[in-house]
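These are the residues of each chain, in order.
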Amino acid sequence: MKCEASGVPMPSFSWTKNGKPFDPSADTELNVTKSFGLFAFSTLSKTMDTLKPYQGKYVCYATNELGTAVSKEAILKTDVAPTQQKQKEKAVTAKSDEGSSIVLKCNPPQSSMEPIIHWMDQKMHHIQLSKRVVVGKDGNLYFAHLTMDDSRDDYTCNVQYMVTRTILAQEPITLKVNPSNSVVRNRRPHMMRPAEAESTYQALRGQTIELECIVQGLPTPEITWLKKEGELDESRTFRDMFDRLLRLSDISESDSGEYQCIAKNTQGNAKHTYHLKVEAAPYWKVIPKSLIYAPGEMVRLDCAAEGTPSPTISWTRNGEEISGQWRHPTEPFSANNFLHFRCTEMRNCLTGTDSRHTVIEKNASLILNTVDFEDTAVYQCRASNKHGTILTNTYVYIIELPPQIITDDRKVYAVTEGKSASLECETFGSPKPKVIWERASYLLDDPRLQPLPNGGLQIINVSHDDEGPYACSVQNSNLSIIAELEVFNRTVILTPPRNQKVQPGNTAIFTCVGLYDTRLRIPQIQWRKNNQKLMESPSDEKYTFDGAEFIIANVEQDDEGIYTCEIISSLDKVEASATLTLCDRPDPPSLLQISDPRHRAISLRWTPGDDHKSAVLEYVIEFEDQDLKERGWEELKRVSGNQEHAVLSLWPYMSYRFRVIAINEVGKSDPSKPSEIHNTPAEAPDNNPENVRSESINPNTLLITWEKMDKRNFNGAEFKYKVLWRRSVGSGPKWHERETTEPPVIVDDVGNFSAFEIKVQAFNTIGYGPEPDPVIGYSGEDVPLEAPIGVGVELLNSTTVAVTWAAIEIESVRGHLLGYKIYLRRMGSRSHHHSRRSTEAESTVVEETGPNEKMKIISNLRPYSRYLLFVAVFNNKAEGPHSEPLPFDTKEGVPGPPTSLILDSPSETEMTLHWTPPAHPNGILTGYLLQYQRITESDDGPLQKDEIDNPTVTQFTLKGLDRHSQYRFYLRGLTDAGKGEPIMMTGATTLDGVPPSDISLSVGETSVNVSWEAQKRHRNVGFYIHYFKKNGGWKKSERVNSSQSFYQLRGLVPGSDYLLRFFYGNASFWETGIKTEGTEMTEVQASIATQGWFISVVSALALLLLILLILCFIKRSKGGKYSVKDKEDGPMDSEARPMKEETFGEYSDLEEKCTASQPSLCEDNKMCSEDTLNINGSSALTTELNLDESLASQISRPSEGPEGFSLLNPATIAPTTNGMPNAITILD
């Protein structure tokens, strides 16, 4: 026995045995162990004789100066280990007849230990158990009925005790089964254990019980368990021993009731009823809490327990009964009140000695009124009924302490909206400090805000409005703290995973997309299968986690289950689940059976195959015609997936085979095996061919045809058609007939377009089809003989005429009058002279009418045109002769739109419109109407107009336009008929050019890239870049166009500082400094070039070179002057002979620095500059430059040549492209 306890100071221990004091230290047979917080004792001897005197009920008490705690009761029992009987039992032999039942007894030794029974043979093999042969709870072996195979002489019962680790083998039993002399008769079920019809079973709450039902009978009965007035809880219900044993785990009072065991076989049934009554030992519902109190406070200790029967509650103090507990004499005692004594008024429940201290209320609470230091103690609440006693210790400590707030100030609490937040304000003191919560100096009265017993504040269903500081203070003190509440958006799942049905081997993809508060860390996505965490498997790539997607590759049977997506943030967690089901195409149906044959119908039955967890939606029944196998299998009928048969309608005279295909959500099954062949008898045809008609084409011929009947409608052998015809006038003479196997039938010499009654009847060897109804057909038609007469035309407007004619004589049509054809051939425009009209392409309009029309209105003709009109009649055969041509002219109409319109802006306030005349003037053009309006953000400006009376004018200039606005222009042609359709164009004037701004530089080793944004509406202007290097002087680039947006200045020295100035005209508009990349070249150190002898040699050579130059100059002076032409044709040195910008046709010796390459030849030419602006992107004017002309002629053009032109390499001349860099080389 061991007892442990803790306390300050360390407690001392005492014991009671069977309710009387017991001192283990005084017993010499016991070994006592004492240490801090531990007291234990054990027997010195382990014999049964030594142990027996110590049987009993033990209670341990732990005591210090603050009180005494009491342990629960410990019971010591002793039992002798089971042993084999000393006297050997006699061998047992059991005999019985085949088909009868028998019980082989085990008789295990009596013991308090639960044995485990094993029936085995002499080879230690278990006896094979089944529904027929079972082992009962009593250890016996039960046979529902015997067979000859049950005879043997080694049925051995082995009794196993797990506690003592022993197995006791009983004497073998011999069983002899006598064979029956006749057929074994069946027997209805009969109860073997329990033998009665009803029995009562009692159990305690929380236990596991076993209900047994062993029956005999032939054949072996089946067992069913039922609970009357309720259902079995399958989560706590287990069936064992082939349903002969029903095990209920963790039972409660709700499991009380009647349970029935029903045994059935072909001969009848038997049943046994268990009346289960579940009671309960006491168990706690409310346990009093150990707390600290201040003197003068009232202490209430709540204690509640339940059980069956209802337990009795009693209180003790330091293990001793509280004196004075009594009930009022007039109040009867009731155990349902959970008290020894029940009180109606408080004065009737006071202790007899001190009414301040002890009161027992009717709800089993212990109240201590106005406590004092002497009330410090351990109080025990004890609940008892006939099934046991439970006890709990509660420590009451009476002390005075100043209040304190233990919780840290400015503590931050983070919570997501919709959740509950608990703000802490833990206090310490005696008496217990009273806490007040405030927010912004206001007391909290929101019902969602609830103070907690420990001083905290709970906020239910938090919203963003709840965010902020909360003040907790102790009443009647200056103690307070601040609690900060932060509210975050809750995490939600926007796209939850969806249930999936996947075929084996395929890939399943679950998607889980969530939304979280970005102020929090990125949440974790955790996937679970059947509540087990899943990890990525890189080895076999089974599971892959790709962002919001969870991928399962090569789905197998083990992958089925419930998959849950958990999105876990630092504050909350949300989850959503979906099911993965492994499904596949259904297996094909089997066992097709044909039954119930009747007139043109049978019943087809089949056995469904496995649907592989995807229900069959429908079955498709197909058939194969054995006489037309080339058609293959054809669908006959569809039925719903819950049917297993179908009634099929069949055709006569056919040889059928059937098969069935199952369809589910995954797909179609393979076809079933074909059924047996089923033949239907022959019958006369059910119907005749359809669409019987005459398709006579040739004159004097009657061609009778029809739709061929399907072979399945022949209904018998030797199928043919019987064709009949006669003239329809007065029903004509008798019917002519002809038999054939297929259409058509041609009859000659019948005249042109004569009416006949015709009919076709189907027949076979069995008989004829139904009598057909005759239809009217005609013999072949011929070409109409006459043209319509009385053709006339009436002009309705410039594009519409009304054509009239007289009805044709019907006899001249020689066929079905289908209608009239009207031909209108356009011969050209009325304004063209004869020679012009002869070259204009003709066009013809053809209109058809019905047979009864005599007038037709024709529209969409060309105005101001010459037409010829013809009319002809037509039938199925052909079109008849045309009427005499009738010429007419259409009226003048409004013109079409001008063919083109181009905008050109010569200045900021002017716009010139260039156009080409309308392609279809539809009359005599008298002029143009120009309309235009300013486009604004709201309503457009008023529409202004200018009329141009001269039809030959093709351009017009508008002045005084707003330079900041865009305009919409409409141009229409005019005839005497009115205004034509407009051509519309939108544009704006071109602004004066300005030098670029927002210039960007990108510096390299030997160059610098200059870029800017070109102004789209501004004219192009030229500017120059002057650049200066220390000790190098100023240099100037070639002319740069503002429309280029990019320029590269080359020829710079690496690692050097430069000053750049941008000039437009004579003024600088931007300046900056740069430093090129790389390393600057330094002066070479003193070398051979600094030696005196080297200098002397170089000086001598220079003097000799000077003399040679003087001689050359004298010789050249005697040679005369060159002409300009010779200067152009000969090689030129740009350094020696630069050109002036003002005189392009002359050469000058002025020393002006020139650029290394030339700008565009037309860059200052207004005709090819961007000044001719077309807002719609079409160029108004184009200047072509012939670069094959002589260079001098290009240079000598006044005011058109390029500025700053210097000839360095004639082969490199090329026009500057807009928006592309001009590559130049700087000459030092």
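Please refer to the structure higher up on the page.
Residue positions are given per chain, counted from 1 along the sequence in the order it is written. Thresholds applied to this predicted model are a pLDDT of at least 70 for local features of residues and 80 or more for the giving and counting of side-chain atom pairs; totals over whole chains, interfaces and linings are not thresholded and use all residues. Note that the side-chain values use all heavy atoms of the structure and ignore hydrogens as well as water.

*Asks:* I tried to follow the overall build of the chain on my own but got confused; where do I start?
*Replies:* Numbering of helices and strands runs from the N terminus, with a helix taken as a DSSP run of H or I at least four residues long and a strand as a DSSP run of E at least two residues long. Counting secondary structure elements, the chain contains five helices and 91 strands. Under the scheme applied here, a residue whose accessible area is under 20% of the maximum for its type counts as buried, over 50% as exposed, and between as partly exposed, the area being computed with a 1.4 Å probe on protein chains only. Burial analysis of the chain (1228 residues in total) assigns 39% to the buried set. Contacts are residue-level and defined by heavy atoms, with any inter-residue pair within 4.5 Å sufficient. Contacts spanning at least 24 positions in sequence make up 64% of the contacts within the chain whose residues lie at least 6 apart.

*Asks:* How should I be thinking about the pairing of strand β22 (residues 237-240) in this particular structure?
*Replies:* As a general feature of sheets, a regular strand has side chains that alternate between the two faces. Only strands that DSSP links by at least two bridges are regarded as paired with each other. Summarising the sheet, β22 and strand β23 (residues 245-248) pair through four bridges and their orientation is antiparallel. Residue pairing for β23: T237 is matched across the bridge by L248. Taken together, β22 and the strand that follows it, β23, pair antiparallel across an intervening segment of four residues, in which M241 is found at a positive phi of about 50°.

*Asks:* So what exactly am I meant to see when it comes to the environment of L485 here?
*Replies:* By the element assignment, L485 lies in strand β44 (residues 480-488). Given the relative accessible area of 1%, L485 is considered buried. Sequence separation between L485 and R410 is 75 residues, and the spatial gap between their C-alpha atoms is 9.8 Å. L485 has contacts with Y413, V415, A421, L423, I459, D466, E467, G468 and Y470, leaving out every residue within four places of it along the chain.

*Asks:* Hey, could you run me through the sheet that holds strand β66 (residues 745-748) in this one?
*Replies:* Strand pairing in a sheet relies on backbone hydrogen bonds, with the paired strands running either antiparallel or parallel. On the basis of which strands lie adjacent, the open sheet formed by three strands has the order β62-β63-β66 and antiparallel pairing. On the outer flanks of this sheet lie β62 (693-694) and β66, each paired with one strand and no other. Sheet topology note: the strand β63 (residues 701-705)/β66 ladder contains four bridges and is antiparallel. Counted as the bridge partner of L703 is I746 from β66.

*Asks:* So what exactly am I meant to see when it comes to the packing of aromatic side chains here?
*Replies:* Between rings of Phe, Tyr and Trp, where Trp is taken as its six-membered ring, a pair exists when centres lie within 6.5 Å; planes separated by under 30 degrees are stacked, by over 60 edge-to-face, and by other angles tilted. Here the structure, examined in full by the defined rule, presents 38 aromatic pairs. Note on W225 and Y274: the rings are 6.5 Å apart at their centroids and 25° apart in plane angle, and the pair reads as stacked. With a gap of 49 residues between them, W225 in strand β21 (residues 222-227) and Y274 in strand β25 (residues 268-286) connect regions that are remote in the sequence. W225 gets classed as buried once you look at its relative accessible area, which sits at 4%. Residue Y274 is classed as buried on the basis of its relative accessible area, which comes to 7%. Between F719 and Y721 the ring centres are 5.1 Å apart and the planes differ by 85°, which places this aromatic pair in the edge-to-face class. This pair shows no difference in class: F719 is buried, exactly as Y721 is. An aromatic cluster of at least three residues, connected via ring pairs, comprises F13, W15, F22, F39, F41 and Y58. Above the plane of the ring of Y155 lies R152, whose end atom (NZ or CZ) is 5.7 Å from the centre. Definition used: whenever NZ (Lys) or CZ (Arg) falls within 6 Å of the ring centre and also within 35 degrees of the ring normal, the charge is taken to sit over that ring. When the ring centre of F874 is taken as reference, the NZ or CZ atom of K821 above it lies at 5.2 Å.

*Asks:* Please explain the nonpolar core as it appears in this structure.
*Replies:* A general tendency of soluble globular proteins is for nonpolar side chains to be buried together. Throughout this description, the term nonpolar core refers to a set of buried Ala, Val, Leu, Ile, Met, Phe, Trp, Tyr and Cys residues connected via side-chain atoms within 4.5 Å. L104, W119, L141, F143, Y155 and L175 are the most contacted members of the largest nonpolar core, which totals 21 residues. Contributing elements (two or more residues each) for this core: β10 (102-104), β11 (116-120), β12 (133-135), β13 (141-143), β14 (152-161) and β16 (173-178). Considering each element in turn, this core owes the most residues, four residues, to β14. Those residues in contact with Y155 that sit more than four places away from it in its chain are L104, W119, M120, I127, L141, F143, D150, E171, P172, I173 and L175.

*Asks:* For this particular structure, what's the right way to read the pattern of salt bridges?
*Replies:* Charged atoms that come close allow side chains of opposite charge to pair. The salt bridge definition used is simple: a Lys or Arg side-chain nitrogen within 4 Å of an Asp or Glu carboxyl oxygen. The full count for this structure, using the stated rule, is 51 salt bridges. Within the structure, one salt-bridge network assembled from shared partners comprises D121, R152 and D154.

*Asks:* In this structure, what is going on with unusual backbone geometry? I would like to understand it.
*Replies:* Note that the residue after T308, namely P309, is joined by a cis bond; omega there is 0°. Relative to the assigned elements, P309 resides in the loop between β28 (304-308) and β29 (312-317). A cis amide bond links P743 with the next residue in sequence, P744, at an omega value of 0°. Within the fold, P744 resides in the loop between β65 (736-740) and β66. With a phi close to 60°, E229 is a non-glycine residue in the positive phi region. One non-glycine residue, D998, lies in the positive phi region at around 55°.

*Asks:* Teacher, can you tell me more about the sheet that holds strand β42 (residues 457-459) here?
*Replies:* If you walk across this open sheet you meet the three strands as β37-β42-β41, and the pairing is antiparallel. Unpaired on one side and paired on the other, β37 (421-423) and β41 (449-451) mark the two borders of the sheet. The mean inter-strand angle of the sheet, taken between neighbouring strand axes irrespective of direction, is 20°. Taken together, the three bridges between β37 and β42 define a ladder with antiparallel strand orientation. Note on β42: the bridge partner recorded for L423 is L457. Between N-to-C directions, angles span 0 to 180 degrees; the directions come from axes that are lines fitted to C-alpha atoms, helices contributing only their stretch in contact.

*Asks:* Can you walk me through the environment of Q1015 in this structure?
*Replies:* Here Q1015 shows up in the loop between β85 (1008-1011) and β86 (1022-1029). Through-space distance from the C-alpha of Q1015 to that of P996 is 8.0 Å; in sequence the pair is 19 residues apart.

*Asks:* Help me understand the state of the cysteines in this model?
*Replies:* Pairs of cysteine sulfur atoms within 2.5 Å are what we label disulfides. A complete count under the given rule lists six disulfides for this structure. For C3, the disulfide goes to C60, at an S-S distance of 2.1 Å. Every disulfide takes its handedness from the sign of the S-S torsion; for C3 and C60 that torsion is -90°, giving left-handed. Of this pair, C3 sits in strand β1 (residues 2-4) while C60 sits in strand β6 (residues 56-64), and the two are 57 residues apart along the sequence. Across the pair, C60 and C3 agree in class, each one buried. Paired through a disulfide, C213 and C261 show a sulfur-sulfur distance of 1.7 Å. Judged by the torsion about the S-S bond (-65°), the C213/C261 disulfide is left-handed. With C213 in the loop between β19 (209-212) and β20 (214-218) and C261 in strand β24 (residues 257-265), this pair connects stretches of sequence that are 48 residues apart. In this pair, the class of C213 matches that of C261, namely buried.

*Asks:* I'm lost on the side chain of R236 in this one. Help?
*Replies:* Residue placement: R236 occurs in the loop between β21 and β22. According to the relative accessible area criterion, R236 is buried, its value standing at 18%. In terms of polar contacts, R236 uses its side chain to reach the backbone carbonyl oxygen of D250, at 3.2 Å. Beyond its immediate stretch of four places on either side in the chain, R236 contacts R247, L248, S249, D250, I251 and D255. Here a polar contact is recorded for every N or O atom pair within 3.5 Å, except that within protein the pair must consist of a potential hydrogen donor and a potential acceptor, and residues adjacent in sequence are included only if both atoms are side-chain atoms.

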